[in-house]
Amino acid sequence: MNQPSKPFNIDKRQVYEAYLQVRSNSGAAGVDGVTIEQFESNLKGNLYKIWNRMSSGAYFPPPVRAVSIPKKNGGQRILGVPTVADRVAQTVVKRLIEPTLDAIFLADSFGYRPGKSALDAVGVTRERCWKYDWVLEFDIKGLFDNIDHALLLRAIRKHVTCAWALLYIERWLTAPMQQEDDSLVGRSRGTPQGGVVSPILANLFMHYAFDLWMARAYPDLRWCRYADDGLVHCRSETEAHRLRDALAARLAECSLELHPSKTKIVYCRDYRRRGKHETVSFDFLGYGFRPRSVRGPSQKMFCGYTPAVSKSALSAMREAIRSLKIRKRTEVTLDDIAREINPMVRGWIAYYGRYTRSALYPLARYINQTLAVWMKRKYKRFHRRLGRARLFLEKIARENRRLFVHWQIGDGGALA
């Protein structure tokens, strides 16, 4: 007897390639407690189960696990962590719909898109701040929690024609969230921040709620958006105020709201007039934009409006180093510490060192201070002699500058 064909034609290779992508991104276990390593212990069977259920239309996503993480500026953000198997299934759909949706997105939408990055958005903003006197900086309050399902599905159906992709997207949108006390909370709006398909769905929603609206209503203004954070460059303060009011009304039509404390109008031009304006700086994607002394091509100093690592980002990096409790771990070696922190610090330097690299020197000095205190506690000859520990560490830095990544960023490698 012939095996009945599946109602949906999904290639097994699609599921396997999705798994490879999930594995490369790692991530925590979902509500079932299954880690990637445990999932791989029966890899063939688990992938077959995903393929079989998706192909037959019988795949129903489990609840997502609610995880609270601290925000840089205080408060908590709730992430929805899917199971490993569900991340594989979501990746199958994401890989299918992404080429179609990404092709319609506008050039100044930078968030979660192939070939675009947060640093690209920072670079574009840097150049435009030189050309426009005013910036409307906006943040959408709880974007991922408040997306209107009816409006989102209308946009999805306009661009996604694959029946099984549409089916599973609808199921993911309404999958409940399991709280830390194991209670289940149903969802009638939003898409969980932490889901694989959530970023591209949020981008599609904002494509219609903001991007195309700006192109129609304000075609002569330049803007930049990264997910729920965005900027619009304006020619006058009056224009910026009018735009803010119009944007608030537009977002209300889409059941969204501007974040009251994170939305502001910023003057970003002549440093000498800064006292006449209430706000002359803003943070965007971990960079602080404000007037700074800049050395020009002729080596003369002038005042420019440029980005550098923000104070909140520096604080978060120092807290990450502090959380490792290096100062008390006298059982490890200097090489051990280097192996542990270098990958993390290398990533910070690659991102925050792109613009105004010298702003990272305080971080380097903080790491050096941490290492000096560790050395003072580990070696008896440095007890009560922090100065000598610093000098000895400085000698190591001169002889083996490649040991720590932060020793290679100029003056930031100096002990102070």
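Residues numbered from 1 in each chain as written. Predicted model: local features only at pLDDT ≥ 70, side-chain atom pairs only at ≥ 80, totals over all residues. Heavy atoms only, no water.

1. So, unusual backbone geometry
Worth spelling out the cut-off: For the purposes of this entry, the term helix denotes a DSSP run of H or I that reaches at least four residues, the term strand denotes a run of E that reaches at least two, and both are numbered from the N terminus. Only protein chains enter the calculation, and the probe is 1.4 Å; a residue is then buried if its accessible area is under 20% of its type maximum, exposed if over 50%, and partly exposed in between.
Here the phi dihedral of Ala227 falls at roughly 60°; this positive angle occurs in a residue that is not glycine. Here Ala227 shows up in the loop between strand E6 (222-226) and strand E7 (229-234). Of note in the backbone geometry, Thr356 takes a positive phi value of approximately 50° without being a glycine. Within the secondary structure layout, Thr356 lies in the loop between helix H12 (334-352) and helix H13 (361-378). Look at Thr356 and you get partly exposed, because its relative accessible area is 30%.

2. What about the environment of Ala389?
To keep things clear, this is the line we draw: Any two residues whose heavy atoms approach within 4.5 Å are treated as being in contact.
Within the secondary structure, Ala389 sits in helix H14 (residues 386-399). By relative accessible area, which is 0% here, Ala389 ends up buried. Ignoring sequence-local partners within four residues, the contact set of Ala389 consists of Ala372, Met375, Lys376 and Phe382.

3. Focus on empty space enclosed by the protein
Cut-off, in case you're wondering: Cavities and pockets are found on a 1 Å grid laid over the protein atoms alone: a cavity is a set of points where a 1.4 Å probe fits but cannot escape, a pocket is an open set with protein on both sides within 12 Å along at least five of seven lines, and a lining residue has an atom within 4 Å of such a point. Grid points are joined across faces, edges and corners, and a volume is the space filled by probe spheres set on the points. Each residue is assigned to one class: nonpolar for Ala, Val, Leu, Ile, Met, Phe, Trp, Tyr, Cys and Pro, charged for Asp, Glu, Lys and Arg, and polar for all the others, Gly among them.
Per the stated rule, a full pass over the model turns up two cavities of 30 Å³ or more. The computed volume of the largest cavity comes to approximately 70 Å³. As for the largest cavity, its lining consists of Val64, Asp86, Gln90, Trp172, Leu173, Ala175, Arg187, Thr191, Pro192, Gly195, Val197 and Ser198. Secondary-structure elements contributing two or more residues to the lining of the largest cavity are helix H4 (84-104) and helix H8 (163-174). Of the residues that constitute the lining of the largest cavity, the class distribution is six nonpolar, four polar and two charged.

4. Considering the packing of aromatic side chains
A ring pair, where both rings are aromatic, is described by two values, the distance of the centres and the angle of the planes. Here is the rule we go by: For this analysis, a ring pair means two rings from Phe, Tyr or Trp (six-membered ring only for Trp) whose centres lie within 6.5 Å, classed as stacked if their planes differ by under 30 degrees, edge-to-face if by over 60, and tilted for the remaining angles. Over a ring means this: the NZ of a Lys or the CZ of an Arg is within 6 Å of the ring centre and within 35 degrees of the ring normal.
What the rule picks out here adds up to 21 aromatic pairs. Aromatic side chains Tyr287 and Tyr351 sit 5.7 Å apart centroid to centroid with 55° between the ring planes, which places their arrangement in the tilted category. Here Tyr287, found in strand E10 (residues 287-295), pairs with Tyr351, found in helix H12; they are 64 residues apart in sequence, far enough to count as distant. For the pair formed by Tyr287 and Tyr351, the shared burial category is buried. Between Phe382 and Phe392, the ring centres sit 5.6 Å apart and the planes meet at 40°, which makes this aromatic pair tilted. Placement of Phe382 in the loop between H13 and H14 and of Phe392 in helix H14 is noted, with a sequence separation of 10 residues between them. Judged by its relative accessible area of 31%, Phe392 falls in the partly exposed class. Ring pairs connect the aromatic residues Tyr287, Tyr351, Tyr352 and Tyr355, which therefore count as one cluster. Just above the ring of Trp51 sits the side chain of Lys12; from NZ or CZ to the centre is 4.7 Å.

5. Notes on the pattern of salt bridges
Side-chain pairs of opposite charge can arise where the charged atoms are in close proximity. We apply this condition: Each reported salt bridge corresponds to a side-chain nitrogen of Lys or Arg within 4 Å of a carboxyl oxygen of Asp or Glu.
Taken as a whole, this structure holds 15 salt bridges when the rule is applied. Between Arg157 and Glu170 there is a salt bridge, with its nearest N and O atoms 3.1 Å apart. Taken together, the residues span a long stretch of sequence, with Arg157 in helix H7 (residues 149-159) and Glu170 in helix H8 at a distance of 13 residues. The class of Arg157 is partly exposed, set by a relative accessible area of 46%. With relative accessibility at 33%, the residue Glu170 sits in the partly exposed group. Ionic pairing is found between Arg250 and Glu253, a salt bridge with its closest N-O pair at 3.2 Å. Remark: Glu253 and Arg250 occur in helix H10 (residues 237-253); sequence separation between them is three residues, near one turn of the helix. On the basis of relative accessible area, Arg250 is assigned to the buried category, the value being 15%. We classify Glu253 as exposed; its relative accessible area is 57%.

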